[in-house]
Amino acid sequence: HTAVSSALKMLHDGADIIDVGGESTRPGSDELDLTEEVRRAVPVIEGIAARQPAAVISVDTRRRHVAERAIRAGATIINDISGFRDDPSMVDLARESGCGLIVMHMLGRPKTMQQDIRYRSFPGDLVEFFEERTRYLEDAGIDPGKIVIDPGIGFGKTFDQNLILINRLDRLTSLGKPVLVGASRKSFIGKILDEPEASARDTGTMATVAACIMRGASIVRVHDVRSAVQICRVTDAIVRERVEP
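Residues numbered from 1 in each chain as written. Predicted model: local features only at pLDDT ≥ 70, side-chain atom pairs only at ≥ 80, totals over all residues. Heavy atoms only, no water.

1. Structural notes on the packing of helix H3 (residues 64–73) against helix H4 (residues 89–97)
Reasoning step 1: Contact geometry for H3 and H4: axes closest at 9 Å, N-to-C directions at 20 degrees. When the axis of H3 is compared with that of H4, the two are roughly parallel. In this structure, the crossing between H3 and H4 has a hand that is right-handed. Contact residues: Arg64, Ala67, Glu68 and Ile71 in H3; Ser89, Met90, Asp92, Leu93, Glu96 and Ser97 in H4.
Reasoning step 2: Tallied by class, residues from the contact of H3 with H4 come to 4 nonpolar, 2 polar and 4 charged. (Axes fitted to C-alpha atoms, helices over the stretch in contact; angles between N-to-C directions. Helix = DSSP H or I, 4+ residues; strand = E, 2+ residues; numbered from the N terminus. Parallel < 35°, antiparallel > 145°, perpendicular 65-115°, else oblique. Left-handed = near helix turned anticlockwise from the far one by under 90°. Contact = heavy atoms within 4.5 Å. Nonpolar A, V, L, I, M, F, W, Y, C, P; charged D, E, K, R; others polar.)

Laid out in structure tokens, this is it:
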């Protein structure tokens, strides 16, 4: 009930997409039992869809079974932090359902991703990853216009690499897909501000929102929707040098 209420408030505050996930994927987290993931996520999607049938809902999952249940409940986007690598049958589901896809980059697994961070080239390795993934998905019959890429801020990235990713988003936008960035309240913001409490990082988060839009991001994932909508509208107007009618 609390999650549904929070989502409805986010929609009221101007969110375009509600992202629902049952499994925590923060650094050091353990994998969740499949049944428990369904139990957490699906009723929330059903609750949102029942009260706001026009809401655009994405399901944050790596498992086909969860995604299938979520789509039946009203989700129309699959947000897979494994980049559709953990469960290859997810690609078939995405094609058959016509859902949008968010393809995220993650180094390793959530449990260990921050322990041994190594790249041959950064952000070059991410560019190669997304080129390979989009080619794979399109070859599997996915509509090229339904693919969004997410560099995975904090998912197997050092403090410096998170900053580099945001500052050099043009390396990813040049791939021709919309780019989504989720930096809200993450630990690199806490490090800059010397702020251990995640909930106290919203103002710092808004700086990342503006920077991401200036660098070409199409979607930003945030906790504080009301403030972010204002930041997005103003930054967008500056970037485009006009206000959309």
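2. Quick look at the pairing of strand S5 (residues 147–150)
Reasoning step 1: Alternating positions in S5 separate into two faces, Ile147 and Ile149 on one and Val148 and Asp150 on the other, with burial throughout.
Reasoning step 2: Relative to S5, strand S4 (residues 100–104) runs parallel, the two sharing 4 bridges. Paired with Met104 across the two strands is Asp150, which belongs to S5. (Buried < 20%, exposed > 50% of the residue type's maximum accessible area, 1.4 Å probe, protein only. Pairing = 2+ DSSP bridges.)

3. Here's the deal with the nonpolar core
Reasoning step 1: Of all hydrophobic cores here, the largest spans 32 residues; its most connected members are Ile78, Phe84, Leu137, Leu172 and Val181.
Reasoning step 2: Ranked by residue count, the leading element in this core is helix H5 (residues 124–139), at 5 residues.
Reasoning step 3: Residues within four places of Leu137 in sequence aside, it is in contact with Phe84, Val91, Leu101, Val103, Ile142 and Ile147.
Reasoning step 4: In terms of nonpolar packing, the next biggest core, distinct from the first, is built from 25 residues, Ile48, Ile57, Val222 and Val225 among them. (Core = buried A, V, L, I, M, F, W, Y, C linked by side-chain atoms within 4.5 Å.)

4. Overview of the sheet that holds strand S2 (residues 56–60)
Reasoning step 1: With parallel pairing, the 5 strands of this open sheet are ordered in space as S1-S2-S3-S4-S5. Here the strands that pair on one side only, and so sit at the sheet edges, are strand S1 (17–21) and S5. Going across the sheet, the axis of each strand differs from the next one's by a mean of 25 degrees, ignoring polarity.
Reasoning step 2: Taken together, the 5 bridges between S1 and S2 define a ladder with parallel strand orientation. Bridge pairing in S2 places Gly21 opposite Asp60.

Remember, this is a structural readout, not a statement about activity or role.
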